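Descriptive analysis of the structure
So you can see what is in the structure, the chains are spelled out below.
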Amino acid sequence: MLLKNISSSIAKISGNLPLRLVLTVPFVVQTIAVVSLVGYLSFRNGQKAVQEIAGNLQNEISDRIQEHLINYLEKSHTIVKLNVAIAKLDKLNSKDIQTTERYFWHQMQIFSSVKQIYLGSQDGQFIGVSIDESGKLVSKITENFPRRSYYALDYQGNKIKLLRYEPNYDPRNRPWYIGATAEKKPIWTDIYTFFQGDLGITAAQSFYDSQGNFRGVMAVDIILGQISDFLRAMKISRSGQIFIIERSGALVGSSTDEQPYIISTNEKAKRLQAIDSKNILTRAAAKHIISNFNLAQAELHKNLKFQLNGEWIFVHIRSYRDSIGLDWLVVVVIPESDFMAEINANTRITILLCIAALMLATIIGILTARSIAKPILCLNLAAKNIARGEWDQTLEFDRTDEVGELAKSFTSMASQLQTSFVTLENQNQELQQLDKLKDEFLANTSHEFRTPLNGMIGISESMIDGATGTLSEIQQQNLSMIADSGRRLNELVDNILDFAKLKNQKLELQLQSVGLRSIVEVILTVCEPLTAGKDLQLINVIAPELPLVLADENRLQQILYNLIGNAIKFTESGIVEISAKIVDTDGETPLGVSLSNLPPSSPDFQIAVTVSDTGIGIPAANLDRIFEAFEQGDGSTDNTEEQV
């Protein structure tokens, strides 16, 4: 059904367009549709492939970062745990400064990625070895508490030069010492700024002697800048980024050149929140993550995307947690444009191919349409000439295809049409003459019928009135039947004459304002004798306040008389009801207005009259024949067969 409706709509539209356009446009549209569909599917498949590639790349990068963080961060606690175990064997203590210092120097030779290895004792002693800005190892020792001295070390770990000293340093006031003694287990300090200005974190743990007495805290410093260096060294994409944030949203490291801290007005370092980053991509990704996720939740391993300036950005979030309590989020951000360059190039090529195909299809379509449409247009012109009466039309095409055969058939058809048209004209003249003779015959016959009928009616009525003396009751009834039959025949003659006038469009109506209810009352009174012997009621339900109607009173009586008489004829029992209602000018929509407020004979409304009965009705197969001329049922009132 749907396909049929579509075909019908296409046929209706194409029927109003020139033939050349109808032949060209579908061909061109089909070409455009195919090329566009191929291009669109190619583009969509490219986007899908980009998403898969971006997701796989982000997962791979995230895995590598996780592995690096594990190796880099857990190494610090491994050193701390090793030193705590050695201290428990009384091999390390704050009293033997030279041995402890030399041991830390050896460890710094092995674990070059850490910033500093040291201890702080319960009596305020500090012993440590660190690497300075130039990459050389420096010893830090509290010699005369609270003074802490800085010594340069040679390649064998021996002190060679006093670099500087701090007059007042107490390790017991530092966060790493306070945190480790409070927890009594391995800890990570909060990220803070070292004295040299580097952003770092400390792994620390309390240590005890062989008797289990608390002696101090072992610690290892690492610089978070090395994490940023690793992130920058990773190859992501042309403009992809990686950054690590804490659950608070503060930056830990980034693959960009931006530092994870800012220097305030008082020249103190302050942690930088990711949403305050000067890098547009970092800031936008952080805002999107914070607005869509609760950063305090336990685990995050998500792939998502958002739009930035009309461009899709792929984001991968993965949490990094260790057993000590470190809890960071690793975020990998890749713009879709980093992968779409080749796809966009293919799209441009597809568009160019589509334009080229469109131009080629248009040229081919125009040439094809011209080849097909030219002879058809000639046929159309010849058909128009024939319609104007120019019968001498000969078409000759130097082609043997269907169009050539159509031209030959058209020429033959034109010749046959000319012959048939002449024949039809002759027959039409004969029919017009016969129709005229028929009308004259009807008029003469009606006149000849009317004279004796009027005489018969007049004689019968005068005899009933006693012109020939007193008549018996039977004689009066017979004469009444003769008079009624004469009047009925006279009425039939009038109907025949009216039909002839109606057919020739010569019937004149005498329009005037008439009351519909009063006319129906008169007709029901006249038709009352027809109900004799039947259990039948004639009901007039037309409202008395119904407005006057503009009609020919005689013709209206004639129509109603025929309808009511037919209803009585085919109804043995029940009712014959005549009703009327006010409708809109379409003849169907009832008007919900007061009858008394409508003016008579208004062009804004019509009166719909209904004659209904409880008779045998009309078969559905005969409904389209009831208004044909001289159509009549078989006259039977047998309820087993419906009538017209």
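Report on the accompanying structure. Every value quoted in this text rests on a predicted model; they were computed, and no experiment measured them.

Attention now goes to the overall build of the chain. Regarding its fold elements, the chain presents eleven helices and 21 strands. Split into buried and exposed, the 644 residues of the chain put 35% on the buried side. Within the chain, contacts between residues at least 6 apart in sequence are counted, and of these 59% link residues at least 24 apart. Total accessible area on the chain is roughly 38100 Å²; 55% of this is exposed by carbon and sulfur atoms.

Our focus in this paragraph is helix α4 (residues 175-183). Of all the residues in α4, the buried ones are Trp176, Tyr177, Gly179 and Ala180. Contacts made by the buried residues of α4 are with β1 (116-121), β2 (126-131), β6 (187-188), β7 (192-193), β8 (199-208) and β9 (214-223). Of the residues trailing α4, Lys184 is marked for its positive phi of about 60°.

In this structure, Ile65, Leu69, Leu73, Met218, Ile242, Ile244 and Trp328 are the most contacted members of the largest nonpolar core, which totals 46 residues. If one sorts the elements of this core by residue count, helix α2 (residues 19-88) sits on top with eleven residues.

Scanning the entire structure with this criterion turns up nine aromatic pairs. Arranged with centres 5.8 Å apart and planes meeting at 65°, the rings of Tyr208 and Phe214 form a pair that is edge-to-face. Overall, Tyr208 belongs to the partly exposed group, its relative accessible area being 31%. On the accessibility criterion, Phe214 (26% relative accessible area) is partly exposed. Ring geometry for Tyr320 against Trp328: centres 6.5 Å apart, planes inclined by 45°, an arrangement best described as tilted. Classification of Tyr320 by relative accessible area gives buried; the value is 2%. Through a chain of ring-to-ring contacts, the aromatic side chains of Tyr118, Phe126, Tyr169, Trp176, Tyr177, Tyr208 and Phe214 assemble into a single cluster. The lysine or arginine in question, Arg148, covers the ring of Tyr169, its NZ or CZ lying 3.6 Å from the ring centre.

What follows is about the sheet that holds strand β14 (residues 301-308). Adjacent strands of a sheet form backbone hydrogen bonds with each other and so pair up, either parallel or antiparallel. Taken together, the five strands give an open sheet; going across it, the order is β11-β10-β16-β15-β14, and neighbouring strands pair in antiparallel fashion. Edge positions in the sheet fall to β11 (251-254) and β14, since each has one partner strand and no second. Strand after strand, the sheet turns through a mean of 20° between neighbouring axes, direction not considered. As paired strands, β14 and strand β15 (residues 311-321) are joined by eight bridges and run antiparallel to one another. Among the inter-strand pairings, Phe306 is bridged to a residue of β15, identified as Ile313. Packed on one face of the sheet, helix α5 (residues 225-233) meets β10 (241-246), β11 and β16 (327-335) and runs near 40° to β11.

Scanning the entire structure with this criterion turns up twelve salt bridges. The partner of Arg321 in a salt bridge is Asp327, with the nearest N and O atoms 3.8 Å apart. Residue Arg321 is classed as partly exposed on the basis of its relative accessible area, which comes to 48%. Arg517 serves as the salt-bridge partner of Glu521, at 3.8 Å between the closest nitrogen and oxygen. Placement of the pair is Glu521 and Arg517 together in helix α10 (residues 516-527), with a separation of four residues, close to one helical turn. Judged by relative accessible area, which is 28%, Arg517 ranks as partly exposed.

Turning to the packing of α10 against helix α11 (residues 553-569), a few remarks are in order. α11 packs onto α10 with a crossing angle of 45° between their chain directions and a minimal axis gap of 10 Å. Taken as axis vectors, α10 and α11 run oblique relative to one another. Considering only the axes of α10 and α11, their crossing is right-handed. Together, Leu516, Ile519, Val520, Ile523, Leu524, Val526 and Cys527 of α10 and Glu553, Leu556, Gln557, Leu560, Tyr561, Ile564 and Ile568 of α11 make up the contact between the two elements.

In this section: the sheet that holds strand β18 (residues 535-540). What the three strands build is an open sheet, ordered β18-β20-β21; its pairing is mixed. If you trace the sheet from one side to the other, it starts and ends with β18 and β21 (606-613), each paired once. Going from strand to strand, the sheet's axes swing by 15° on average, the running direction of each strand aside. Across six bridges, β18 lies against strand β20 (residues 573-583) in parallel orientation. By the bridge assignment for β20, Ile539 is matched with Glu577. Lying over the sheet, α10 contacts β18, β20 and β21, oriented at roughly 160° with respect to β18. Seen against the sheet, α11 touches β18, β20 and β21 and runs at an angle of roughly 20° to β21.

Reading the values: rules and limits
- Residues numbered from 1 in each chain as written.
- Predicted model: local features only at pLDDT ≥ 70, side-chain atom pairs only at ≥ 80, totals over all residues.
- Heavy atoms only, no water.
- Helix = DSSP H or I, 4+ residues; strand = E, 2+ residues; numbered from the N terminus.
- Buried < 20%, exposed > 50% of the residue type's maximum accessible area, 1.4 Å probe, protein only.
- Contact = heavy atoms within 4.5 Å.
- Areas by Shrake-Rupley, 256 points an atom, 1.4 Å probe, with all protein chains shown as cover.
- Core = buried A, V, L, I, M, F, W, Y, C linked by side-chain atoms within 4.5 Å.
- Phe/Tyr/Trp six-rings, centres within 6.5 Å; stacked < 30°, edge-to-face > 60°.
- Lys NZ or Arg CZ within 6 Å of the ring centre and 35° of its normal.
- Pairing = 2+ DSSP bridges.
- Axes fitted to C-alpha atoms, helices over the stretch in contact; angles between N-to-C directions.
- Salt bridge = Lys/Arg side-chain N within 4 Å of Asp/Glu carboxyl O.
- Parallel < 35°, antiparallel > 145°, perpendicular 65-115°, else oblique.
- Left-handed = near helix turned anticlockwise from the far one by under 90°.

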